[in-house]
Amino acid sequence: MSTPVKRYTVTAALPYANGPKHIGHLAGAYIPADVYVRYLRLRQRDVIFVCGSDEHGTAIPNQALKENTTPRAIIDKYHALIRDSFRELGISFDVYHRTSEPLHHETSQEFFLALHHKGLLTEETSEQFFDAQANAFLADRYIIGTCPRCGHPDAFGDQCEKCGSTLSPAELINPRSTLSGQTPVLRPTRHWYLPLQNYEPWLREWILKDHAHDWKPNVYGQCKSWIDAGLQPRAMTRDLDWGIHVPLPDAAGKVLYVWFDAPIGYISATRALFQELSSGTRQFATPQRDFGAVQPDDWKTYWEADDTQLVHFIGKDNIVFHCIIFPIMLHASQRFIVPTNVPANEFMNLEGNKMSTSRGWSIEMHEYLTDFPGKPDILRYALLTNLPETKDSEFTWKDFQAKNNNELVAIFGNFVNRALVLTQKFFANMVPPRGPATPVDEHALAAIAAAPAAIAAAIEAFRFREATAALLDLARTGNKYLADTEPWKVARHDLPRVGTILHIALQIAANLALVAEPFLPFSAQKLRSMLRLQPHPWTAAGSDTLLPAGHELGLAELLFEKIEDPIIDKQIKKLMDTQNAPTPAPVVAPLKPEIVFDDFTKLDLRVGTVTAASRMEKSDKLLRLTIDDGLQARTILSGIAKHYTPEQLVGQHVTFIANLAPRKMMGIESQGMVLMAEDGDGKLRLLQPDHPVRPGATIS
RNA sequence: CGCGGGGUGGAGCAGUUGGUAGCUCGUUGGGCUCAUAACCCAAAGGUCGUAAGUUCGAGUCUUACCCCCGCUACCA
């Protein structure tokens, strides 16, 4: 709204290097970001496209344990895999860095210290689980125990991988440390917090007011939700030995929170880019344009100058970090600019279900590249036309096939092929001269002139589906033009007229080659070579003189190939097979330690009759039961709403623990615990006597 | 009434400030034969989640409710 934009810093979410990344990630961030950047480059704007691997956090050591190797080996492996996949898919980063690099550690520590020296971080002490034997605080992921929901014996402290529940370590039954197997204890620990709440007025001004109209509704809504809920201080450090050390004298064993250091990775990557550009080395930098002579410090303008536009491309899971926390860090630094826009996408589902690498329900980038060699553009196109821009979308293999066969092949590729084959046939593969234009010709020329602006407007508004559709519309125009003018018929009596028609058709093809570059870079390149067309800036798009009369064309080949059913069926089968893979044997909980008879007699187990049952408001799982135990009506809350309706329970016998200390949940006191048999798959069933008994009957 | 996003022809989606409901794919019929049985034209197909309200007029505004997705919470 103020200063004209002089340069762009475009980032795509740092992929977490704990495993391969799938096409949902591509659809969420990388493909739209790449289209945007390639477009800006064609506009000859000053843009950098930065990314890198996010290699810290607790999940990396965790994955190392799973794969029985070291964190270093994990990040090396997945960094390379992800980086190479991106490159093969044509994601044109100027630099792909990694957060394990010393330069990033240094950048992050400087950032942390800058905030610390300004007095913007607070120190607080809280209680966290500690493993006395390993002498280490345990991140949630390092604590495992029996899941209180499904009984899975190896649920993590933050989440049960089996039933998907979100947990906190305190909920686990028989919690144990993965480091030593010991039961962890609570112990106080000190951390540095960023008081997010202090920045609420600024956020309200910056997001809710200044960006009320230019940010996407899903992003804006999420931000508003967070701000209105009231922001809390957030710990920016962790007790861990994998990560970036807190650069303070009294902070042994403390590292920066991964979400503190990861977004700083964008800055580190930018620094790395300019270091390598100025020194001529190429380790992480893969410059996609001529940057000219630069100095190492030139990175600063891309993060500090007001006339730089910073755009973060991310998936919706990252909104809070890129719109709230990182901007607060940037703003608090009083040095860096904050993002101009954060065009986050929703999620892409796969054949009806959420994508998940761990459950095998996904298409990994490297798998696609192996199964469809030389066809990155088809995936780019299929994702682009189906981006989850406003809501979750769905990828199916049939749709992928249809998009390729009916659109890329039949409309785009076929038009180009028609124009080239006709030119070969009638004009010895030379661009014929153009004669007087008829109204039909004028119409086609007008379409050529209008297309680039329509595409550009959609890209600049972050509407990539629309932009892609506009691209294909130009190819449709070409097909229609040929159908309307019928050069194969005209050839029988008026060859010069055929020349005019093909001249215009070839200009359409040339324009396609130009404006397709951001979307389908490999095919655009191929088409350019078929036309022997030099690269042009975007400003040349819309011109009807890209190919001069007399210009000799190159060798015509098929731009896209049909994909036959068996290929698609094979992919679908592959996906289905992952679900039919031998399901892990039903979980039978391991035996607990032996107890003596006295331990058993401490339990007062009884049978009661349910006299009333109702759902608890605001709870999916809790039922409020009133139970006649022979003495009184006692209230017990039970987490069985997913398994029984209140109506089913009234009148039923239930067994319960009568002398369990009362516990308040959702504001209601629960006086006991109803016993349930739990199946391996998490289903709960009542435990009942096989004949009616009187309420209060004891169990022994 | 926890928060956010979304519910529009068979499928996937557009619909800016309220003024006769559009696009792509699919379907059906026709045309064409240069082209990867591709292309072009036409038609059929929607009570815009439900109900009420504001208005001369609502997919578009208000209210209530229903459903889907995500986040959050309870789970003795």
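Residues numbered from 1 in each chain as written. Chains lettered and ligands numbered in written order. Predicted model: local features only at pLDDT ≥ 70, side-chain atom pairs only at ≥ 80, totals over all residues. Heavy atoms only, no water.

K.L.:
How would you explain the side chain of His 653 if you had to name every residue and give the values?
P.N.:
Within the secondary structure, His 653 is located in strand E19 (residues 653-657). Residue His 653 is classed as buried on the basis of its relative accessible area, which comes to 14%. Within the structure, His 653 has its side chain in polar contact with the backbone nitrogen of Val 693 (distance 3.1 Å). In contact with His 653, other than residues within four places in its own chain, are Val 607, Gly 608, Thr 609, Leu 686, Leu 687, Gln 688, Pro 689, His 691, Pro 692 and Val 693. (Helix = DSSP H or I, 4+ residues; strand = E, 2+ residues; numbered from the N terminus. Buried < 20%, exposed > 50% of the residue type's maximum accessible area, 1.4 Å probe, protein only. Polar contact = N/O pair within 3.5 Å; in protein donor to acceptor, adjacent residues only side chain to side chain. Contact = heavy atoms within 4.5 Å.)

K.L.:
Outline the packing of helix H4 (residues 102-117) against helix H7 (residues 258-279), supporting the account with residue identities and numerical values.
P.N.:
Their axes nearest at 8 Å, the elements H4 and H7 cross at an angle of 125°. On the basis of their axis angle, the class for H4 and H7 is oblique. As H4 packs across H7, the resulting crossing turns out to be right-handed. Contacts from Leu 103, His 104, Glu 106, Thr 107, Ser 108, Glu 110, Phe 111, Phe 112 and Leu 115 in H4 reach Phe 260, Asp 261, Ile 264, Gly 265, Ile 267, Ser 268, Arg 271, Ala 272 and Gln 275 in H7. (Axes fitted to C-alpha atoms, helices over the stretch in contact; angles between N-to-C directions. Parallel < 35°, antiparallel > 145°, perpendicular 65-115°, else oblique. Left-handed = near helix turned anticlockwise from the far one by under 90°.)

K.L.:
A description of the packing of helix H2 (residues 59-66) against helix H3 (residues 71-88) should follow, citing residues and the corresponding values.
P.N.:
In helix packing, the relevant descriptors are the interaxial angle and the interaxial distance, both defined with respect to the helix axes. It is the contact of H2 with H3, at a shortest axis distance of 8 Å, that shows an interaxial angle of 100°. Classified by the angle their axes make, H2 and H3 are roughly perpendicular. Here Ile 60, Pro 61, Gln 63 and Ala 64 of H2 come into contact with H3, specifically with Pro 71, Ile 74, Ile 75 and Tyr 78. Among the residues making up the contact of H2 with H3, the classes are represented as seven nonpolar, one polar and no charged. (Nonpolar A, V, L, I, M, F, W, Y, C, P; charged D, E, K, R; others polar.)

K.L.:
Which residues make up the nonpolar core, and what values go with them?
P.N.:
Nonpolar side chains tend toward joint burial in soluble globular proteins. Counting residues in hydrophobic clusters, the biggest one holds 177 residues, and the most contacted among them are Leu 26, Phe 395, Phe 412 and Leu 531. Looking at this core, the element that brings in the most residues is helix H1 (residues 23-42), giving 13 residues. Setting aside chain neighbours within four positions, we find Leu 531 in contact with Leu 420, Leu 506, Ala 509, Ala 510, Ala 513, Leu 547, His 551, Glu 552, Leu 553 and Gly 554. Residues Val 610, Leu 623, Ile 627 and Ala 641 belong to the second largest nonpolar core, which totals 15 residues. (Core = buried A, V, L, I, M, F, W, Y, C linked by side-chain atoms within 4.5 Å.)

K.L.:
Before we move on, could you go through the pattern of salt bridges and cite the residues and values that matter?
P.N.:
Once their charged atoms are close, side chains differing in charge can pair, the charge on each being opposite to the other. If you walk through the whole model with that rule in mind, you get 37 salt bridges. With a shortest N-O distance of 3.2 Å, Glu 205 and Lys 209 are connected by a salt bridge. Of this pair, Glu 205 and Lys 209 both sit in helix H5 (residues 200-209), four residues apart, which is roughly one turn of that helix. One network of salt bridges, with partners in common, ties together Asp 34, Arg 38, Arg 380 and Glu 517. (Salt bridge = Lys/Arg side-chain N within 4 Å of Asp/Glu carboxyl O.)

K.L.:
Kindly report on the packing of aromatic side chains, identifying the contributing residues and their values.
P.N.:
When we look at a pair of aromatic rings, we describe it by the centre distance and by the angle of the planes. The full count for this structure, using the stated rule, is 29 aromatic pairs. Pairwise contacts between aromatic rings join Tyr 30, Phe 49, Phe 86, Phe 93 and Tyr 96 into one cluster. Over the face of the ring belonging to Tyr 257 we find Arg 238, whose NZ or CZ atom lies 4.0 Å from the ring centre. The positively charged end of Arg 289 is found above the aromatic ring belonging to Phe 291, 4.0 Å away from the centroid. (Phe/Tyr/Trp six-rings, centres within 6.5 Å; stacked < 30°, edge-to-face > 60°. Lys NZ or Arg CZ within 6 Å of the ring centre and 35° of its normal.)

K.L.:
Which residues make up the pairing of strand E9 (residues 185-195), and what values go with them?
P.N.:
Direction of pairing for strand E4 (residues 122-131) relative to E9: antiparallel, over a ladder of nine bridges. Among the inter-strand pairings, Glu 123 is bridged to a residue of E9, identified as Trp 192. The pairing of E9 with strand E10 (residues 233-235) spans three bridges and is antiparallel. What sits directly across from Pro 195, in E10, is Pro 233. (Pairing = 2+ DSSP bridges.)

K.L.:
Can you explain the confidence of the model for chain A? Please cite residues and give values.
P.N.:
The predicted model of chain A averages 85 in pLDDT, with 88% of residues at 70 or higher. Per-residue pLDDT, averaged within each element of chain A, yields its smallest value for strand E7 (residues 155-156) (61) and its largest for helix H8 (residues 301-304) (97). Predicted confidence for residues 161-166 stays below pLDDT 50, and this span has 20 contacts to residues more than four positions away or in other chains. Reported confidences for the modelled complex are a pTM of 0.81 and an ipTM of 0.84. (pLDDT = per-residue confidence, 0-100.)

K.L.:
A description of empty space enclosed by the protein should follow, citing residues and the corresponding values.
P.N.:
Following the criterion strictly, the structure yields one cavity of 30 Å³ or more and no others. Here the largest cavity defines a volume of roughly 40 Å³. Pro 32, Lys 216, Phe 313, Pro 343, Asn 345, Leu 387, Glu 389, Phe 462 and Phe 464 are the residues that line the largest cavity. The residue inventory of the lining of the largest cavity, partitioned by class, reads six nonpolar, one polar and two charged. (1 Å grid on protein atoms, 1.4 Å probe; cavity = no way out; pocket = protein on both sides within 12 Å on 5 of 7 lines; lining within 4 Å. Points joined across faces, edges and corners; volume = space filled by probe spheres on them.)

K.L.:
Could you give me a rundown of a nonpolar patch on the surface, with the residues and numbers involved?
P.N.:
On the surface, a nonpolar cluster with roughly 410 Å² of combined accessible area is contributed by Ile 595, Phe 597, Phe 600 and Leu 603. Considering the arrangement of structural elements, one finds Phe 600 in helix H19 (residues 597-601). (Patch = residues over 30% accessible without salt bridge, like charges linked within 9 Å, V, L, I, M, F, W, Y side chains within 5 Å. Areas by Shrake-Rupley, 256 points an atom, 1.4 Å probe, with all protein chains shown as cover.)

K.L.:
So what's going on with the sheet that holds strand E2 (residues 46-53)? Residues and values would help.
P.N.:
One open sheet accounts for four strands, arranged E3-E2-E1-E13; its pairing is parallel. The sheet is open, and its two edges are formed by strand E3 (95-98) and strand E13 (308-313), each paired on a single side. Adjacent strand axes in the sheet meet at a mean angle of 25° when their direction is disregarded. Here five bridges tie strand E1 (residues 7-12) to E2, and the two strands are oriented parallel to one another. Residue pairing across strands places Arg 7 opposite Asp 46, the latter belonging to E2. Strands in contact with H1 are E1, E2 and E13; relative to E2, the strand with the most contacts, it is inclined by about 155°.

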